[in-house]
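Chain by chain, the residues:
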Amino acid sequence: GKAKKPERSEHWLQVMARSGEMPTTICYNSLINAWAEAGDSERAEFWLERLCESWDARGEKLLPTLSSFTSAARAHAVKGRWKECERLFDAMRAYGLQMDARCLTVLISAYGYAKPQQWQRAEDVARLEASKGHVLKGPTACALKQALGARRYHALALEIKIDSSMIAAKK
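Residues numbered from 1 in each chain as written. Predicted model: local features only at pLDDT ≥ 70, side-chain atom pairs only at ≥ 80, totals over all residues. Heavy atoms only, no water.

Caption draft 1: Examining the nonpolar core more closely. Membership of the largest hydrophobic core comes to 47 residues, with the highest contact counts inside it found for Leu48, Cys85, Phe89, Ile108, Leu144 and Ile162. Those elements that provide at least two residues to this core are α2 (25–37), α3 (41–52), α4 (66–77), α5 (82–94), α6 (101–113), α7 (119–131), α8 (138–148) and α9 (150–157). Discounting residues that sit within four places of it in the chain, Ile162 has contacts with Val135, Leu136, Ala141, Leu144, Tyr153, Leu156 and Ala157. (Core = buried A, V, L, I, M, F, W, Y, C linked by side-chain atoms within 4.5 Å. Buried < 20%, exposed > 50% of the residue type's maximum accessible area, 1.4 Å probe, protein only. Helix = DSSP H or I, 4+ residues; strand = E, 2+ residues; numbered from the N terminus. Contact = heavy atoms within 4.5 Å.)

As structure tokens, this is what we get:
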């Protein structure tokens, strides 16, 4: 079952390391994602930290990717843990990585799932991205509408570039 997948993946990564094979960033990302999908943010972050401390067979430092951080943050986002998402994305930027649409969607989703909802933070991050010339669309626009509510979302859409074509209209 799905619950055993992360444990199996973790086991094989450890077997690989014990046999002298050096896990790659892709191996770590698969493990981070498996734990995130299982809803275990603590284990996802544990393996993100291991990735950030690891070296490859040539003696070069392994570098996390956008996917490394986004997967770990997603496990927090679905539980509304927006502060944890912000912390992870701050760490991501410290590696020289910039937010992309997936990161933004995860962050805005965290604001939407938070209790209470963090609509002002969602609006602020949307305005910031728009000020950089980005058009919010697809899953990001959907997450923004969920975080803001329809009234605030439509008011914001009059001010910044949001492509709402992928959002189903309520009947």
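Caption draft 2: Seen up close, the packing of α4 against α5. Between α4 and α5, the shortest axis-to-axis distance is 9 Å and the interhelical angle comes to 170°. The angle between the axes of α4 and α5 places the two elements in the roughly antiparallel class. Contact with α4, carried on its side by Leu66, Phe69, Thr70, Ala72, Ala73, His76 and Ala77, involves Glu84, Cys85, Arg87, Leu88, Phe89, Ala91 and Met92 of α5 and no other residues of that element. Along the lines of polarity and charge, the residues of the contact of α4 with α5 split into 10 nonpolar, 2 polar and 2 charged. (Axes fitted to C-alpha atoms, helices over the stretch in contact; angles between N-to-C directions. Parallel < 35°, antiparallel > 145°, perpendicular 65-115°, else oblique. Nonpolar A, V, L, I, M, F, W, Y, C, P; charged D, E, K, R; others polar.)

Caption draft 3: A look at the pattern of salt bridges. Per the stated rule, a full pass over the model turns up 11 salt bridges. Residue Arg121 is joined to Glu86 by a salt bridge in which the shortest nitrogen-to-oxygen separation is 3.2 Å. Taken together, the residues span a long stretch of sequence, with Arg121 in helix α7 and Glu86 in helix α5 at a distance of 35 residues. You can call Arg121 partly exposed: its relative accessible area is 35%. Where Lys132 meets Glu129, a salt bridge forms, and the shortest distance between an N and an O atom there is 3.3 Å. Assessed through its relative accessible area of 6%, Glu129 is described here as buried. One continuous salt-bridge network, built from bridges that share partners, spans Glu45, Glu84 and Arg87. (Salt bridge = Lys/Arg side-chain N within 4 Å of Asp/Glu carboxyl O.)

Caption draft 4: Representation of the layout of surface pockets in the model. Here the largest pocket is characterised by a volume of approximately 220 Å³. Lining the largest pocket are 14 residues, and of these Arg93, Met99, Leu107, Val125 and Leu128 lie nearest its centre. The set of elements that each furnish at least two residues to the lining of the largest pocket consists of α5, α6 and α7. If one sorts the elements of the lining of the largest pocket by residue count, α7 sits on top with 5 residues. Among the residues making up the lining of the largest pocket, the classes are represented as 6 nonpolar, 1 polar and 7 charged. (1 Å grid on protein atoms, 1.4 Å probe; cavity = no way out; pocket = protein on both sides within 12 Å on 5 of 7 lines; lining within 4 Å. Points joined across faces, edges and corners; volume = space filled by probe spheres on them.)

Caption draft 5: Molecular detail of α2. Counted at 1.5 Å a residue, the expected span for α2 with its 13 residues is 18 Å, and the 18 Å between its end C-alpha atoms agrees. Inspection of α2 places Thr25, Tyr28, Asn29, Leu31, Ile32, Ala34, Trp35 and Ala36 among the buried residues, and these make up the whole buried set. For α2, the elements touching its buried residues are α1 (5–18), α3 and α4. A positive phi of about 85° marks Gly39, the residue just after α2. (Expected span 1.5 Å × (residues − 1).)

Caption draft 6: Structural context of the packing of aromatic side chains. Tallied over the entire structure, the rule returns 4 aromatic pairs. Residues Tyr28 and Trp47 carry aromatic rings whose centres are separated by 6.2 Å and whose planes lie at 40° to one another, so their mutual orientation is tilted. Of this pair, Tyr28 sits in helix α2 while Trp47 sits in helix α3, and the two are 19 residues apart along the sequence. Between the aromatic rings of Phe46 and Trp47, the centroid separation amounts to 5.0 Å while the plane-to-plane angle is 90°, which identifies the pairing as edge-to-face. With a relative accessible area of 28%, Phe46 lands in the partly exposed category. (Phe/Tyr/Trp six-rings, centres within 6.5 Å; stacked < 30°, edge-to-face > 60°.)

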